[in-house]
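# Inside the fold
Read off the chains here:
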Amino acid sequence: MKTLLTILFAFVALHVSGSPEDMYSIYDKDGKYRDMQEQMDQVFQKREQAERERETKKNLVLGLAVLMGLVPLAYIGYSIVKERTWETNPRGTKQALGIALMGGLLLFVVNYAALYLKIIYESEFYQYGPVVIGLVIVAGMIVLLCRSMKQK
């Protein structure tokens, strides 16, 4: 019987106290808890907004890098179609498309890496980025030139 009355009084006490905000206001007279809760909510909102912005930037970088990587392939493809080189020189046409594809892939990788690193590591990128990008471009050009020289 005592247990039943204790449980009944506990439920009545919980029911009388009302909402969680009312319960917190009983113990939080000066409003510190509410201020801390509002600060935490602001921090979470800022974090979510920063993640959305970062995701948008990553998608933009990917799109730009793909477009820049397609430029050599589109230019060579346009020249091939305009001059109809596949009829007179099919082997050279295949080689030109292969080199344009590799050059476009190299441009995509370099541009994507550069833009992505610029977004993530802003201050460090300005120190080391141009040197690394220059070395990658030079190495890629050497590889492509060596391949084109071997094929001649």
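From N to C terminus, the chain includes six helices and zero strands. Going from N to C terminus, the chain has its helices and strands arranged as α-α-α-α-α-α. In the chain, which comprises 152 residues, the share counted as buried stands at 13%. At a minimum sequence separation of 6, the contacts of the chain that also span at least 24 residues come to 70%.

Glancing now at the pattern of salt bridges. All told, the structure shown has two salt bridges when counted by the stated rule. As a salt-bridge pair, glutamate 51 and arginine 47 come within 3.4 Å of each other at their nearest N and O atoms. Separated by four residues within a single helix, glutamate 51 and arginine 47 lie in helix H3 (residues 32–83), roughly one turn from each other. Of the residues examined, glutamate 51 reaches a relative accessible area of 39% and is grouped as partly exposed.

Here we take up the confidence of the model for the chain. Chain-level pLDDT for the chain is 80 on average; 84% of the residues reach the 70-or-more range. For the chain, helix H2 (residues 20–27) is the element with the lowest average pLDDT, namely 65, and H3 is the one with the highest, namely 87.

This next bit is on the packing of aromatic side chains. Under the defined criterion, the tally for this structure stands at two aromatic pairs. Between tyrosine 112 and tyrosine 116 the ring centres are 5.7 Å apart and the planes differ by 10°, which places this aromatic pair in the stacked class. With tyrosine 112 and tyrosine 116 both in helix H5 (residues 90–120) and four residues apart, the pair spans about one turn of that helix. According to the relative accessible area criterion, tyrosine 116 is partly exposed, its value standing at 25%. Here a set of aromatic residues connected by ring pairs shows up, and it is made of Phe108, Tyr112 and Tyr116.

Look at H3: 77 Å from first C-alpha to last across 52 residues, which is about the 76 Å you get at 1.5 Å a residue. The largest bend in H3 comes to about 30°, at valine 71, with the proline proline 72 one to four residues further on. Among the residues of H3, those classed as buried are Val61, Ala65, Gly69, Pro72 and Ile80. At its buried positions, H3 is contacted by helix H4 (85–88) and H5.

A cluster of nonpolar side chains, contributed by Met1, Leu4 and Leu5, occupies part of the molecular surface with about 360 Å² of accessible area. Secondary-structure assignment places leucine 4 in helix H1 (residues 2–17).

By the secondary structure assignment, threonine 93 is in helix H5. Among residues more than four places away in sequence, those in contact with threonine 93 are Ile80, Thr85 and Trp86.

A few words on unusual backbone geometry. Despite not being glycine, arginine 84 has its phi angle at roughly 55°, a positive value. Its location among the elements puts arginine 84 in the loop between H3 and H4.

The next thing to look at is the packing of H3 against H5. Close contact between H3 and H5 brings their axes to 8 Å; oriented N to C, the two are set at 160°. Taken together, H3 and H5 sit at an angle that is classed as roughly antiparallel. The chirality of how H3 crosses H5 is right-handed. Its residues assigned to classes, the contact of H3 with H5 comprises 20 nonpolar, five polar and two charged.

Thresholds applied
- Residues numbered from 1 in each chain as written.
- Predicted model: local features only at pLDDT ≥ 70, side-chain atom pairs only at ≥ 80, totals over all residues.
- Heavy atoms only, no water.
- Helix = DSSP H or I, 4+ residues; strand = E, 2+ residues; numbered from the N terminus.
- Buried < 20%, exposed > 50% of the residue type's maximum accessible area, 1.4 Å probe, protein only.
- Contact = heavy atoms within 4.5 Å.
- Salt bridge = Lys/Arg side-chain N within 4 Å of Asp/Glu carboxyl O.
- pLDDT = per-residue confidence, 0-100.
- Phe/Tyr/Trp six-rings, centres within 6.5 Å; stacked < 30°, edge-to-face > 60°.
- Expected span 1.5 Å × (residues − 1).
- Bend = angle between axes of the 7 residues up to and from the residue.
- Patch = residues over 30% accessible without salt bridge, like charges linked within 9 Å, V, L, I, M, F, W, Y side chains within 5 Å.
- Areas by Shrake-Rupley, 256 points an atom, 1.4 Å probe, with all protein chains shown as cover.
- Axes fitted to C-alpha atoms, helices over the stretch in contact; angles between N-to-C directions.
- Parallel < 35°, antiparallel > 145°, perpendicular 65-115°, else oblique.
- Left-handed = near helix turned anticlockwise from the far one by under 90°.
- Nonpolar A, V, L, I, M, F, W, Y, C, P; charged D, E, K, R; others polar.

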